[in-house]
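# Structural characterization, general
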Amino acid sequence: MAFPAGRIGKRLVQVAVTLFGLLLLTFFIGRVMPVDPVLAIVGPDADHSTYQQVYHQLGFDKPLWTQFGIYLSGLAHGDLGNALLTGKPVTQDILRVFPATMELATLAILLGAGAGIPLGVLAAAKRNSLADYGVRIISLAGYSTPIFWVGMMGLLVFYAWLGWVGGAGRVDFSLDGQVTRHSGFMLIDALIAGNWEVFRNALNHLILPASLLGFHSLAYISRMTRSFMLAQLSQEFIITARVKGLSEWHVLWNHAFRNILVQLLTVVALAYGSLLEGAVLIETVFSWPGFGSYLTSSLMLGDMNAVMGCVLVVGMIFVVLNLLSDLLYQVFDPRTKV
């Protein structure tokens, strides 16, 4: 079940080159952005000497390659620098905000994959039927509707009008701070503390943004599942299985679906990675204090230490998910072993 040494070495080189390219591109784009991080620190009313002092302290008077080299040197020692937005180490900030996004994205992908895969299988099994058209319409709506508009409409209908769910934030303001932070996951921390009021309130706030994100991923996952299943259902071994008298359920799930598991692993992994790094608009609409909101605020401020730290995290997320997919390939498809 282990990876061959040559394959591991090749993958590590690819990872290093990819992450270096991401950092290099982000760094130099950040330096040419029309945002002055020095002004964000000292304010527009600061005198010239104060501006120059901070400019020098941040190292902006050095050549770009020198600045990038200093950053890489710190990165090699686990130092991502300090964030201009909070004045704290970027690593500490990311560890603080990332669990909120991960909690949101995890529930979203569970909802999206849990509904999207069966719907995709149903659409393929009932091709060109009303069920197929219905799934395709749902998929098209979820894939093409702007997520920020869906978020605002969801708040308007389910929170303001019906009162079925909580509003903005992770919990009501009156309950904020009642649970000691252990993991950063509000639901888990509430369970650890045995505070069922906070748990119910946090779940009430989580369910709407997670469902909307899940609906967006459902659209992608159901479309891909339908496509994969249609390709399998046209194969000769499926016709043979039906001729043998096997039930349609057995043919669908034990023959056709089993053969697309490897492909679906990649689809779900990439969808999960996209949710982790791309929930910016939903977090903005719902005032969710997560990774996306932190990245957006850092970009607006021109805080490149924070932005590059976030880029590095996003890159590592996709690297880990791809490696996990490769490992699971070997579990579900022995033909991938080399």
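Residues numbered from 1 in each chain as written. Predicted model: local features only at pLDDT ≥ 70, side-chain atom pairs only at ≥ 80, totals over all residues. Heavy atoms only, no water.

With that settled, the discussion passes to the UniProt feature "transmembrane region" (unreviewed entry) in the protein chain. Taking the UniProt record as the reference, the feature "transmembrane region" (unreviewed entry) is found at residues 12-30, 104-125, 137-162, 202-221, 260-286 and 306-329. Across residues 104-125, the secondary structure splits into 100% helix and 0% strand, with the terminal C-alpha atoms separated by 32 Å. Overall, residues 137-162 shows 88% helix and 0% strand. The separation of its end C-alpha atoms is 26 Å. (UniProt positions renumbered as here; feature names shortened; annotations may be inferred. Helix = DSSP H or I, 4+ residues; strand = E, 2+ residues; numbered from the N terminus.)

Turning our attention to helix 6 (residues 130-144). Taking 1.5 Å per residue as the helical rise, helix 6 with its 15 residues ought to reach 21 Å, and the 21 Å between its terminal C-alpha atoms agrees with that figure. Burial in helix 6 covers these residues: D132, V135, S139 and G142. Along helix 6, the residues classed as buried sweep out an arc of 100° about the axis, all on the same side. In helix 6, the exposed positions angled more than 90 degrees off the buried face are occupied by L130, I137 and L140. Buried residues in helix 6 make contact with helix 5 (90-125) and helix 9 (196-233). (Expected span 1.5 Å × (residues − 1). Buried < 20%, exposed > 50% of the residue type's maximum accessible area, 1.4 Å probe, protein only. Arc of directions from axis to C-beta. Contact = heavy atoms within 4.5 Å.)

Below, the discussion takes up a nonpolar patch on the surface. A contiguous nonpolar surface patch, about 1000 Å² in accessible area, is contributed by F148, W149, M152, M153, L156, F158, W161, L162, W164 and L281. Of all the elements, helix 7 (residues 147-161) adds the most residues to the nonpolar patch, at seven residues. Position of L162 among the secondary structure elements: in the loop between helix 7 and helix 8 (186-193). Owing to a relative accessible area of 41%, L162 belongs among the partly exposed residues under this scheme. (Patch = residues over 30% accessible without salt bridge, like charges linked within 9 Å, V, L, I, M, F, W, Y side chains within 5 Å. Areas by Shrake-Rupley, 256 points an atom, 1.4 Å probe, with all protein chains shown as cover. Salt bridge = Lys/Arg side-chain N within 4 Å of Asp/Glu carboxyl O.)

As a packed pair, helix 7 and helix 9 sit with axes 10 Å apart at the nearest point and diverge in direction by 140°. It follows from the interaxial angle that helix 7 and helix 9 lie oblique. Considering how the two elements wind past one another, helix 7 and helix 9 form a crossing that is right-handed. Contacts from I147, V150, G151, G154, L155 and F158 of helix 7 reach helix 9 at L208, L212 and H216. The class makeup of the residues in the contact of helix 7 with helix 9 is six nonpolar, three polar and no charged. (Axes fitted to C-alpha atoms, helices over the stretch in contact; angles between N-to-C directions. Parallel < 35°, antiparallel > 145°, perpendicular 65-115°, else oblique. Left-handed = near helix turned anticlockwise from the far one by under 90°. Nonpolar A, V, L, I, M, F, W, Y, C, P; charged D, E, K, R; others polar.)

Attention now goes to unusual backbone geometry. Its identity is not glycine, yet N128 carries a phi of approximately 65°, on the positive side. Position of N128 relative to the elements: it lies in the loop between helix 5 and helix 6.

Time to look at the side chain of R170. Turning to its location among the elements, R170 is positioned in the loop between helix 7 and helix 8. Overall, the relative accessible area of 12% leaves R170 in the buried class. One polar contact links R170 to E103, side chain to side chain, over a distance of 2.7 Å. Looking at R170, its side chain comes within polar contact range of the main-chain oxygen of G184, at 3.1 Å. Once residues within four sequence positions are removed from consideration, R170 is found in contact with A100, E103, G184, F185, M186, N201, A202, H205, W288 and P289. (Polar contact = N/O pair within 3.5 Å; in protein donor to acceptor, adjacent residues only side chain to side chain.)

With that out of the way, let us pick up the packing of aromatic side chains. Under the criterion given, the structure shown has six aromatic pairs. Centroid distance F20 to F68: 5.8 Å. Interplanar angle 65°. Geometry classified as edge-to-face. With a gap of 48 residues between them, F20 in helix 1 (residues 5-32) and F68 in helix 4 (residues 64-76) connect regions that are remote in the sequence. Among the residues examined, F20 registers a relative accessible area of 40% and is labelled partly exposed. Look at F68 and you get buried, because its relative accessible area is 3%. Measuring from centroid to centroid gives 5.5 Å for F98 and F291, while their planes differ by 90°, and the two rings are edge-to-face. Taken together, the residues F98 in helix 5 and F291 in helix 13 (residues 291-301) connect sequence positions 193 residues apart. (Phe/Tyr/Trp six-rings, centres within 6.5 Å; stacked < 30°, edge-to-face > 60°.)

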